Structure formats: structure tokens, C-alpha cells
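# Chain and residue survey
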Amino acid sequence: MAYIAARIDGRLIHGQVANLWTSSLSISRIMVVDNEVATSDIEKAALKMATPSGVRLSVLPIEKAAANITSGKYASQRLLIVAKRPLVFLELVLRGVELNTINVGNMSQTDETHHISQSINVLDEDVEAFRRLRDAGVTLTAQMVPSDESKDLWKLLGDLGR
């Protein structure tokens, strides 16, 4: 298996991802997939500082992440893939990465977003990306921390998901 978990979180690596998810899933590598962050030495340094001791970190653009995953580069590792938006995961799937489930954690509110839960706010383009991921066979859940109940994202989307 090339990955253990996939999570959408606008904050990327922070307390919940670094401590709770990483330890509950026994993650050995966190892969942040983001075309912009991958080119920022400052952002990469901040992510490295937030990564728990003993856990490896990769910060990659979409194309390189997909190539590494599909080639089996991380097959022997317990990989957590993290991205800010669902479109990143759709791009990975379109490039051949097989994803079973994506956990939606935190998506911040802006003037353009629709509020669907305490921590999840979606743009219209996010809903379309979620729809395409679902159509590709990916299960979409919402769960902030491992001790929370996992919820079906489509139930939270309500009329937006129709």
C-alpha cells in the first residue's frame, strides 16, 4: 500500500495532524502536496518544524507527488497525504494515484465559501471536485480528530452536494 490516510486541512501540519493523526495512525511520513508551498523555502521550513520527531516530511508539487506514489516509492512507509483543497486530490487521482478515502478536516471560511460544519467551508469548485472524487470511487468523510465520529461528507453538504 502506498498510503495510509489522506486528509484535507487548510492548515496542513499543525497540532491535530502532527500529534493526533500521526500518532493514532502510526505515520512514518507526512506528504504535503501543494504546488505553491513546494516552492517556498520559508513555508517548507515551518512545516519541517511542525513535523513530529521521527516522522519524515515530503513537500511536493502535485506532479512529483503522483509520480512518487504511483512508482511505489513510499510502499514500505506509513504515509499521510495532506493538502489544502480537494482539487489537489482530484489531480492526484487523475494522475493514477488510487485513493480509497479522503478525510476532510479544516477548510477555512472566506466571503466565497458555504459553511457546512463547524470547521468545513467549501467553495463551489470544492463541491465539484468532491463530486468528481466521489464519482471516481473515493469515499469522503469529515472528522476533525481521531476520537470524533467520522461523518459522511455528502450528508454535511446537503443541497450543495446535489
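Notes on the structure follow. Please read all numbers here as calculations on a predicted model, not as lab measurements.

Cut-offs used in this document
- Residues numbered from 1 in each chain as written.
- Predicted model: local features only at pLDDT ≥ 70, side-chain atom pairs only at ≥ 80, totals over all residues.
- Heavy atoms only, no water.
- Axes fitted to C-alpha atoms, helices over the stretch in contact; angles between N-to-C directions.
- Helix = DSSP H or I, 4+ residues; strand = E, 2+ residues; numbered from the N terminus.
- Parallel < 35°, antiparallel > 145°, perpendicular 65-115°, else oblique.
- Left-handed = near helix turned anticlockwise from the far one by under 90°.
- Contact = heavy atoms within 4.5 Å.
- Nonpolar A, V, L, I, M, F, W, Y, C, P; charged D, E, K, R; others polar.
- Pairing = 2+ DSSP bridges.

### Focus: the packing of helix 3 (residues 62-70) against helix 4 (residues 86-94)
Where helix 3 contacts helix 4, the axes come no closer than 9 Å and their chain directions differ by 45°. Judged by the inter-axis angle, helix 3 sits oblique to helix 4. Every pair of crossing elements has a handedness; the one defined by helix 3 and helix 4 is right-handed. For the pair helix 3 and helix 4, the contacting residues are I62, A65 and A66 in the first and V88, E91 and L92 in the second. Along the lines of polarity and charge, the residues of the contact of helix 3 with helix 4 split into 5 nonpolar, no polar and 1 charged.

### Thoughts on the sheet that holds strand 5 (residues 101-106)
One open sheet accounts for 7 strands, arranged 3-2-4-1-5-8-9; its pairing is mixed. With partners counted over all chains shown, the strands left at the sheet margins are strand 3 (56-60) and strand 9 (151-152), one partner each. Note: strand 1 (residues 5-9) against strand 4 (residues 79-83), 4 bridges, orientation parallel. Along strand 4, the bridge assignment pairs R7 with V82. Seen against the sheet, helix 2 (residues 41-50) touches strand 2 (29-33) and strand 3 and runs at an angle of roughly 155° to strand 3. Packed on one face of the sheet, helix 5 (residues 124-135) meets strand 1, strand 5 and strand 8 (139-142) and runs near 130° to strand 8.

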